[in-house]
Amino acid sequence: MNRRSIAIIAAAVALAFLAGDVRAQKTALPAVYKKWLDEEVVHIITPLERDVFLKLQTDRERDSFVEAFWKHRDPTPYSPENEFKAEHYRRINYVNKYYGRTSPMPGWRSDRGRVYIILGEPNDIQKFDNEAGLYPVEIWFYQNKESFGLPTGFHVVFYQRGGLGDYRIYSPAKDGPQALMTSYTGDPLDYQTAYQFLSEIEPTVADVSMSLIPGESTMGMGRPSLASDMLIQKVENASRAQVEEMYAKKFLQYKDMVEVEYTANYLDCGTLTKVSREPSGTYFVHYAVEPKRLSVESYESHHAISLKVNGTVMTLDGKLVFQFEKPVSMTLDENQMKTANAQPLNLLDMFPLIPGTYKLSVLVKNDVSKEFMSFEEILLIPGDAPALQMTSPVLGSKAIRADASQKPLRPFQIGPFQILIQPTRVFARKDTLAVAFQVSGLSEAQKRSGQIRFVFTRNGQPVFDRVKPLAECSDLPDILTEFSLADFVPAHYNLKVSVVDDGRELVAGTEEFDLSFRDAVPKPWYYTKRLPEAADPVYALIIGSQLFNIGRLEEAKGFVERAYRQLPGSADAALSLARIHLALGQPEKAVPVLDPFLDASQTPKYEIYVLAGQALQRTGDFAGALSIFDRAVSHFGVNANLLNMIGDSYARLGRPKDAQAVWEKSLEINSNQPEIKKKLDGLKEKK
């Protein structure tokens, strides 16, 4: 599958997600939220934020979104007051009091009110209310709004059209100087003549009638430039342009998956995902998460970090393939905390994955600050076809050759090369760019005559081209090449790496990076847990579970049996193998797999009891199943599912009264069980 196909798949997944949201049942918006949306934040909310808000179904969700909306705009998120919110409502109160007196609508709906709410109080206001030959005009002057993408200084002009009604915003191109004068009768398209007439009435107004930007000359054109109209458009969207909307998407996506105290606190993060292949043929997914900021819990001279990482891998049609949950706990002293404040944290991990095309979703929650961050990625794990394969290049600021005697796997280690990655892929000119990747399936002839070609492009134009013979790559299929960035100018770059033989491109991969203007870019500090070596049976267990989840039972059985033999004391391996036996219709094989754990001195997992009981039920040993379920109740208490299985055993043993009592207890716990109600009705009919 080529990169274009992957992009199409990713777009389809995104569209499916949005389509699902569009189909969400709509409810009438309560008055308090309609007022917030259509009056209070109408001039600063983005279209995406508005769409997300309208898709919310409960007042609790809406309250959480409103909180997230203001938090996302808070210039000092850790202070008790949200200065942006306080200033916004001050502006609304001001415009409602002072703008709107000349029209029946409230001040926030007026043109002056809208601009004031967006930009705040002008640096200067000039009013021309009683000038002969001139309709009432106000000239507002703003400075120091460059952060909005606006000029250093500019004007916004308002006038009473025809001398009646509220002040309207003036457009040099659409209205022209003639619209500001009470008795101008010249050619409406002759802007230059109109400007000269206006200059005789009021030079100050004439100066802004052709351009709102000081110093911009329009005399040679004979009409206003379009720059002023573009400025007005920028003013209208100035507040919205400042918003990073990703938080709103994440709110909608995760509102049902994270606790309510987290939903308002989405935190942006840098991410990187790559795939490598071990000599055994097993593919591993490497991922990195770099939080935009790190909140810690401090006590005296110690600082605690507490995160939870949850991940899922799904097929594109929504079937769960793999999931994981990993805690991240660290305690830092003062010196380590200084490092953490100066350098970004990178969370690194990896896991094996069977061939296929999937959607990876990773959610990271900070237990201290109640913030969450997440990312999604489409993964393509190729398997054995095509024969010639190349992994996506991994870029880093440094590569370290690992000690061959050290067997444990490490995230972003490509063969013998440990790459010090940066999810943001931003480097400095003094850095050495390490490029690592794998090429498998090369013939011996290709290894002798083939070449690796590296082409760096900037703005679509090649700026650097290097060729390296494959014969010089002594670590095949793993390849590492390093480049000095000293001669590169700061810019955004694309790198294409290809395998070429006899003038033909056989396979290629791409990556991109930015070269900073800064002399140095802060290097991250890494957190990762020690992982087992590639031959460890835990990976066979994971792969077997993935195959089981997509219904490839016989293949799954081979992997899990191998793990079970090598991990005789593993309850997880026993559970996985027992599930496969049950799915294959072999309950008699599941029972002996679980028996050793039932006879152990320590209390087994709840799942052991359930699966063993179900296996005995399927073999017809309902008395044995009942004994197992009773032991589960004594250790873990009752729940509806367990009671239902106990009731089934009683019914099959010819004890309908006991079955009825247990099923009725189950319905007390969960009344929404139509199948259990049907079974109870059946018992009553037999009486």
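Predicted model only: the values in this text are computed from it and were never measured. (Residues numbered from 1 in each chain as written. Predicted model: local features only at pLDDT ≥ 70, side-chain atom pairs only at ≥ 80, totals over all residues. Heavy atoms only, no water.)

Undergrad: Which residues make up the sheet that holds strand 2 (residues 137–143), and what values do they have?
TA: The 4 strands lie next to each other as 1-2-3-4, forming an open sheet whose pairing is antiparallel. The two strands at the open ends of the sheet, each matched to only one other strand, are strand 1 (124–128) and strand 4 (168–169). Judged from the 7 bridges that link them, strand 2 and strand 3 (residues 153–159) form a sheet pairing that is antiparallel. Along strand 3, the bridge assignment pairs W140 with V156. Each of strand 2, strand 3 and strand 4 touches helix 6 (residues 111–119); the most contacted strand, strand 2, lies at about 10° to it. (Pairing = 2+ DSSP bridges. Helix = DSSP H or I, 4+ residues; strand = E, 2+ residues; numbered from the N terminus. Contact = heavy atoms within 4.5 Å. Axes fitted to C-alpha atoms, helices over the stretch in contact; angles between N-to-C directions.)

Undergrad: Can you break down the sheet that holds strand 10 (residues 345–353) residue by residue, with the values?
TA: As summarised here, the arrangement of the 4 strands in space is 5-6-10-24, forming an open sheet in which the pairing is mixed. Of all the strands in the sheet, just strand 5 (269–277) and strand 24 (525–527) have a single pairing partner and so form its edges. Averaged over neighbouring strand pairs, the angle between their axes works out to 25° when direction is ignored. With 3 bridges connecting them, strand 10 and strand 24 associate as parallel partners. Bridge assignment links L345 to a residue of strand 24, and that residue is W525. Lying over the sheet, helix 15 (residues 537–549) contacts strand 6 (283–291) and strand 10, oriented at roughly 70° with respect to strand 10.

Undergrad: Break down the side chain of S209 for me, with residues and values.
TA: Mapped onto the secondary structure, S209 falls in helix 8 (residues 203–209). Its relative accessible area of 0% is what places S209 among the buried residues. A distance of 2.7 Å separates the side chain of S209 from the backbone oxygen of A206, its partner in a polar contact. With sequence-adjacent residues up to four places away left out, S209 is seen in contact with Y170, P172, P177, L180, Y195 and L198. (Buried < 20%, exposed > 50% of the residue type's maximum accessible area, 1.4 Å probe, protein only. Polar contact = N/O pair within 3.5 Å; in protein donor to acceptor, adjacent residues only side chain to side chain.)

This is a description of form; function is not addressed.
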